[in-house]
Amino acid sequence: MGIFDKGVEKTRRGFFERLSRAVVGKSKVDDDTLDAIEEALVATDMGVDTTLKIIDNLEERVSRDKYVSFEELVSLLRDEIAELLHVDSARETEAFDFSKKPYVVMVVGVNGVGKTTTIGKLASRLRREGKKVVLGAADTFRAAAVDQLSIWAERAGADIVRQPMGSDPASVAYDTVKSAVAKNADVVLVDTAGRLHNRVDLMNELTKIRNVMRKVVPDAPHEVLLVLDGSTGQNAFHQAKEFSKATDVTALAVTKLDGTAKGGVVIGIVDQFRIPVKFIGIGEGIDDLKTFDRKEFVNSLFSNDDIRK
């Protein structure tokens, strides 16, 4: 069983049910089949633009190569989706570049997407790998966020820098990076506030956090990780758009995929924003945050178990 099978099971089953209905009894791929495939892709919340890109390419290849069988059609879809998930080989390597020390990660995302939990799981994983980790509780507007991060820090065996509620988030970020340098830490994970009601405020706050961290580590942050809730579908597209405008998002972590049939949102967001997925959340457990591997993800999405169901 692949590591992503659990995470994409609902998406896979829903997609193949629609796909099977689209091709049953057909001896060739016609316009009706392509329309049905289009509906199946849209239903996974892949997004209209990405879906149309796939359909156009399928149409072209079917007319040129005369593919007819269901297996061949599935193979074509698999190839198309794998290609859409390919952003940049250099950015698809191991999660973090530990040659930079401390490696500073600014974590962004709206409230409720699992941002703080993702940081906690990342910290636990890095600690198991023998890395020294410092967490920064810069979401100072929510007591719950700071308390939750403190619990994760204790559980993971990571250090945490926090200040009283309502403190300047940039001040917390500055102290966090300074502490990490003093302790010779390997990784810094800075939690930030998830308010999206005013993009100007968001942009100003994130820019300020970046600027103060650079006073300590000139090229910080090395990664801006946007956490998205995969189960929110098109809402995740909106969040990716807004945060991309507010700051230079370099990677994605997609959570809660195991609970939704709309896992196609991962493909659509990568295609539309050209930002690689680094991590994927496929459950509630501390070990259920996995490094994203596009080939394994596509293989799970097109698992042979469902192709003939």
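You'll find the structure just up there.
This is a predicted model, so every value here is computed, not measured.

Engineer: Any details on the packing of aromatic side chains? Residues and values, ideally.
Structural biologist: Overall, the coordinates contain four aromatic pairs when judged by the stated rule. Between Phe292 and Phe297, the aromatic rings sit 5.2 Å apart at their centres with planes inclined by 55°, giving tilted as the arrangement. The class of Phe297 is buried, set by a relative accessible area of 1%. The positively charged end of Lys131 is found above the aromatic ring belonging to Phe98, 4.2 Å away from the centroid. When the ring centre of Trp152 is taken as origin, the NZ or CZ atom of Arg155, which lies over that ring, is 4.5 Å away.

Engineer: Any chance you could break down the pattern of salt bridges for me, citing the residues and the numbers?
Structural biologist: Here the structure, examined in full by the defined rule, presents twelve salt bridges. The shortest N-O distance in the salt bridge between Arg61 and Glu80 comes to 3.3 Å. Here Glu80 lies in helix 4 (residues 70–84) and Arg61 lies in helix 3 (residues 48–65), a separation of 19 residues in the sequence. For Arg61, a relative accessible area of 21% puts it in the partly exposed group. A salt bridge links Asp229 to Lys256, with the nearest nitrogen and oxygen atoms 3.5 Å apart. Note that Asp229 is positioned in strand 5 (residues 223–229) and Lys256 in the loop between strand 6 (251–255) and helix 10 (265–273), a separation of 27 residues in sequence. Given the relative accessible area of 7%, Asp229 is considered buried. Given the relative accessible area of 34%, Lys256 is considered partly exposed.

Engineer: Explain helix 10 residue by residue, including any values.
Structural biologist: In terms of residue burial, helix 10 counts as a mostly covered element, since seven of its nine residues are buried. All buried positions along helix 10 are accounted for by Val265, Val266, Ile267, Gly268, Ile269, Val270 and Asp271. Phi turns positive one or two residues past the end of helix 10, at Arg274, with a value near 55°.

Engineer: A description of the packing of helix 5 (residues 115–128) against helix 6 (residues 143–156) should follow, citing residues and the corresponding values.
Structural biologist: Look at helix 5 against helix 6: their axes get within 9 Å of each other, and the N-to-C directions meet at 15°. Viewed along their axes, helix 5 and helix 6 adopt a mutual orientation that is roughly parallel. By crossing handedness, the relation of helix 5 to helix 6 is classed as right-handed. Seen from helix 5, the contacting residues are Thr116, Thr117, Ile119, Gly120, Lys121, Ala123, Ser124 and Arg127; seen from helix 6, they are Ala145, Gln148, Leu149, Trp152 and Ala156. Broken down by class, the residue content of the contact of helix 5 with helix 6 amounts to six nonpolar, five polar and two charged.

Engineer: Lay out helix 7 (residues 169–182) with the relevant residues and their values.
Structural biologist: Taking 1.5 Å per residue as the helical rise, helix 7 with its 14 residues ought to reach 20 Å, and the 20 Å between its terminal C-alpha atoms agrees with that figure. Three or more residues of helix 7 are buried, namely Pro169, Ala170, Val172, Ala173, Thr176, Val177, Ser179 and Ala180. Where helix 7 starts, the residue carrying a side-chain oxygen 3.2 Å from the main-chain nitrogen of Ala170 turns out to be Asp168.

Engineer: Please provide a residue-by-residue account of the sheet that holds strand 1 (residues 103–108), values included.
Structural biologist: The sheet built from eight strands is open, its strands ordered 3-2-4-1-5-6-7-8 with mixed pairing. Of all the strands in the sheet, just strand 3 (159–161) and strand 8 (289–291) have a single pairing partner and so form its edges. Strand after strand, the sheet turns through a mean of 25° between neighbouring axes, direction not considered. Inspection of the sheet shows strand 1 paired to strand 5 by four bridges, in the parallel sense. Directly across from Val108, in strand 5, lies its bridge partner Leu226.

Engineer: Would you mind going over the pairing of strand 7 (residues 277–281) in detail, with residue names and values included?
Structural biologist: Along strand 7, five of the five residues are buried, which leaves the element largely enclosed by surrounding structure. Looking at chain direction, strand 6 and strand 7 are connected through three bridges and run parallel. By the bridge assignment for strand 7, Val254 is matched with Ile280. Pairing geometry for strand 7 and strand 8, over three bridges, is antiparallel. Note on strand 8: the bridge partner recorded for Gly281 is Leu289.

Engineer: Run through a negative patch on the surface, naming residues and quoting values.
Structural biologist: Taken together, the side chains of Asp31, Asp32, Asp35, Glu39, Asp56 and Glu59 make up a negatively charged region of the molecular surface. Examining the composition of the negative patch, we find that four residues originate from one element, helix 2 (residues 31–43), more than from any other. Within the secondary structure, Asp32 sits in helix 2. Residue Asp32 is classed as exposed on the basis of its relative accessible area of 53%.

Definitions and limits used
Residues numbered from 1 in each chain as written. Predicted model: local features only at pLDDT ≥ 70, side-chain atom pairs only at ≥ 80, totals over all residues. Heavy atoms only, no water. Phe/Tyr/Trp six-rings, centres within 6.5 Å; stacked < 30°, edge-to-face > 60°. Buried < 20%, exposed > 50% of the residue type's maximum accessible area, 1.4 Å probe, protein only. Lys NZ or Arg CZ within 6 Å of the ring centre and 35° of its normal. Salt bridge = Lys/Arg side-chain N within 4 Å of Asp/Glu carboxyl O. Helix = DSSP H or I, 4+ residues; strand = E, 2+ residues; numbered from the N terminus. Axes fitted to C-alpha atoms, helices over the stretch in contact; angles between N-to-C directions. Parallel < 35°, antiparallel > 145°, perpendicular 65-115°, else oblique. Left-handed = near helix turned anticlockwise from the far one by under 90°. Contact = heavy atoms within 4.5 Å. Nonpolar A, V, L, I, M, F, W, Y, C, P; charged D, E, K, R; others polar. Expected span 1.5 Å × (residues − 1). Polar contact = N/O pair within 3.5 Å; in protein donor to acceptor, adjacent residues only side chain to side chain. Pairing = 2+ DSSP bridges. Patch = residues over 30% accessible without salt bridge, like charges linked within 9 Å, V, L, I, M, F, W, Y side chains within 5 Å. Areas by Shrake-Rupley, 256 points an atom, 1.4 Å probe, with all protein chains shown as cover. Lys, Arg positive; Asp, Glu negative; His and termini not counted. Charge placed at Lys NZ, Arg CZ, Asp CG, Glu CD.

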